[in-house]
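Here is how the chains run, residue by residue.
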Amino acid sequence: MKSKLTEKIVNKKVVFISTKNNDYLRNVQEMKIIKQYAKEDTIIAFANKNYAIRIIKVYFNFIKILLKNDYDLLFIAFAPQFLFPLFPFIPKNKEVVTDFFISFFDTLVDDRKKIKDKSFLSNLIQKIDHYVLNKSQLIITDTKAHRDYFMKEFEIPKERFEVLYIEADTRIFHKNLNEKSDSAENKKFIVLYFGSVLPVQGLEIILKAMELLKEVNQIKFVIIGPVIKKYAIQTKNYPNTSFFDWLSQEKLAKEIAKADLCLAGH
């Protein structure tokens, strides 16, 4: 039995667009499905670490696609709200699938409290969320809870949603990864955190634990993410911790395999 997504894209000319880096797990998962079922695929996703550069390149290529008009379906991935200014230029006879991974309203107003509720800006963000959802013939979410929230908050019928659980790239994350070596460093109990240091990820608690345990040589912390910049960390104050701002998926997989305890942002 085919999913709603595969039924939408099978034997179609599909354009996949994402402002997130092209090796992002969710992108990889969705591009794999498209390549498996679509008749033709065009991928607009880039590897640049700088988000501003990526989004400029995506806009430029998105405009070229709209002008050329040689496709059947647009699959607009992670945070399609960033591309909403171009939505009015999508022809009505073209289908649109969006991965509504996050609601800007929920994230910035309810979750992070960056914007005051009922303000002009919060109302604008809510309208952008609603506009993108209404332009989508199929809306992909990563959990049933998110689907149910969007259904209730934005009054979108259930039949326009499909839940696609996120999965790792099994070419990179697999059971045959090397585990700890017998080196003295790897005989320690390794605690790994990786994530984008969002408030909901509770990094402050992890930092407190690192502070309390910094003199315990039997424990090693490995922190992957923009922690030093975000929290103005002085690495010399954490002698049993290794900090990485970013790692490739391949290197991240190896660090996960070596860890005794993983505290992922997810």
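Our subject is the structure listed above.
### What to know about the nonpolar core
In this structure, Ile17, Phe62, Leu74, Ile76 and Ile90 are the most contacted members of the largest nonpolar core, which totals 24 residues. Elements with a contribution of two residues or more to this core: strand E1 (13-17), helix H3 (51-68), strand E3 (73-76), helix H5 (120-134) and helix H6 (144-154). Setting aside residues up to four positions removed in sequence, isoleucine 76 forms contacts with Ile17, Phe62, Leu83, Phe87, Ile90, Val96, Val97, Thr98 and Asp99. Judged by nonpolar contacts, the second largest core, of 15 residues, contains Ile33, Ala38, Leu73 and Phe75.

### As for the packing of aromatic side chains
A full pass over the atoms with the stated rule returns 12 aromatic pairs. Between phenylalanine 87 and tyrosine 131, the ring centres sit 6.3 Å apart and the planes meet at 50°, which makes this aromatic pair tilted. Taken as a pair, phenylalanine 87 in the loop between E3 and strand E4 (95-99) and tyrosine 131 in helix H5 lie far apart in primary sequence, 44 residues in all. On the basis of relative accessible area, phenylalanine 87 is assigned to the buried category, the value being 0%. Here tyrosine 131 falls in the partly exposed class, since its relative accessible area comes to 29%. Pairing phenylalanine 100 with phenylalanine 154 gives two aromatic rings, centres 6.5 Å apart and planes at 75°, and the pair type is edge-to-face. Remark: phenylalanine 154 occurs in helix H6 and phenylalanine 100 occurs in the loop between E4 and helix H4 (104-111); sequence separation between them is 54 residues. With relative accessibility at 0%, the residue phenylalanine 100 sits in the buried group. Linked through ring pairs, Phe100, Tyr149, Phe150 and Phe154 together constitute an aromatic cluster. Cation over ring: lysine 20 sits above tyrosine 24, and NZ or CZ is 5.0 Å from the ring centre. We note lysine 94 situated over the ring of tyrosine 71; from NZ or CZ to the ring centre the distance is 4.9 Å.

### Notes on a negative patch on the surface
On the surface, Asp110, Asp111, Asp117 and Glu153 cluster together into a patch of negative charge. For aspartate 111, the position within the fold is in helix H4. Assessed through its relative accessible area of 32%, aspartate 111 is described here as partly exposed.

### Observations regarding the sheet that holds E1
The strand order E2-E1-E3-E4-E5-E6 describes an open sheet built from six strands, whose pairing is parallel. Of all strands in the sheet, those bounded by a partner on one side alone are strand E2 (40-44) and strand E6 (161-163). Shown here is a sheet whose adjacent strand axes are inclined to one another by a mean of 20°, direction ignored. Two strands pair when backbone bridges link them, and E1 and E3 are joined in this way by four bridges, in the parallel orientation. Note on E3: the bridge partner recorded for valine 15 is leucine 74. The sheet strands contacting helix H2 (residues 25-37) are E1, E2, E3, E4 and strand E5 (138-141), and the helix crosses E1 at an angle near 175°.

### Notes on the sheet that holds strand E8 (residues 219-224)
Sheet architecture is open: four strands sit in the order E9-E8-E7-E10, paired in parallel fashion. Strands at the two margins of the open sheet, each flanked by one partner only, are strand E9 (241-244) and strand E10 (261-264). Taking the axes of each pair of neighbouring strands and ignoring which way they run, one obtains an average angle of 15° across the sheet. As defined by bridge partners, E8 adjoins E9 across four bridges and the pair is classed as parallel. Across the sheet, phenylalanine 221 pairs through a bridge with threonine 241, a residue of E9. Here helix H9 (residues 249-258) sits on the sheet in contact with strand E7 (189-194), E8 and E10, set at roughly 140° to E7.

Rules used in this analysis
- Residue indices begin from 1 for each chain and proceed along its sequence in written order.
- The predicted origin of the model limits local features to residues at a pLDDT of at least 70 and limits the giving and counting of side-chain atom pairs to 80 or more, whereas totals for whole chains, interfaces and linings rest on all residues.
- Only hydrogens and water are set aside; all other atoms, that is, all heavy atoms of the structure, feed into the side-chain values.
- The definition of a nonpolar core used throughout is a set of buried Ala, Val, Leu, Ile, Met, Phe, Trp, Tyr and Cys residues joined through side-chain atoms within 4.5 Å.
- The buried label applies to any residue whose accessible area, calculated with a 1.4 Å probe on protein chains only, is under 20% of its type's maximum; exposed applies above 50%, and partly exposed to all values in between.
- Each helix corresponds to a stretch of at least 4 residues labelled H or I by DSSP, and each strand to a stretch of at least 2 residues labelled E; elements are numbered beginning at the N terminus.
- Contacts are residue-level and defined by heavy atoms, with any inter-residue pair within 4.5 Å sufficient.
- For Phe, Tyr and Trp, where Trp contributes only its six-membered ring, two rings pair if their centres lie within 6.5 Å, and the inter-plane angle classes them as stacked under 30 degrees, edge-to-face over 60, or tilted in between.
- Note on geometry: a ring has a charge over it if NZ (lysine) or CZ (arginine) is within 6 Å of the ring centre and within 35 degrees of the ring normal.
- Grouping into patches uses exposed residues only, defined as over 30% relative accessible area, and leaves out salt-bridged ones; the cut-off is 9 Å for like charges and 5 Å for nonpolar side chains (Val, Leu, Ile, Met, Phe, Trp, Tyr).
- Here the Shrake-Rupley method, with its probe set to 1.4 Å, supplies the accessible areas, and only the displayed protein chains count as covering residues.
- Salt bridges are defined by distance alone: a side-chain nitrogen of Lys or Arg within 4 Å of a carboxyl oxygen of Asp or Glu.
- Residues scored as positive are Lys and Arg, those scored as negative are Asp and Glu, and His as well as the terminal groups of each chain are ignored.
- Lys charges are placed at NZ, Arg charges at CZ, Asp charges at CG and Glu charges at CD.
- A pair of strands counts as paired when DSSP detects no fewer than two bridges linking them.
- Note on geometry: axes are C-alpha line fits, over the in-contact stretch for helices, and angles between N-to-C directions span 0 to 180 degrees.

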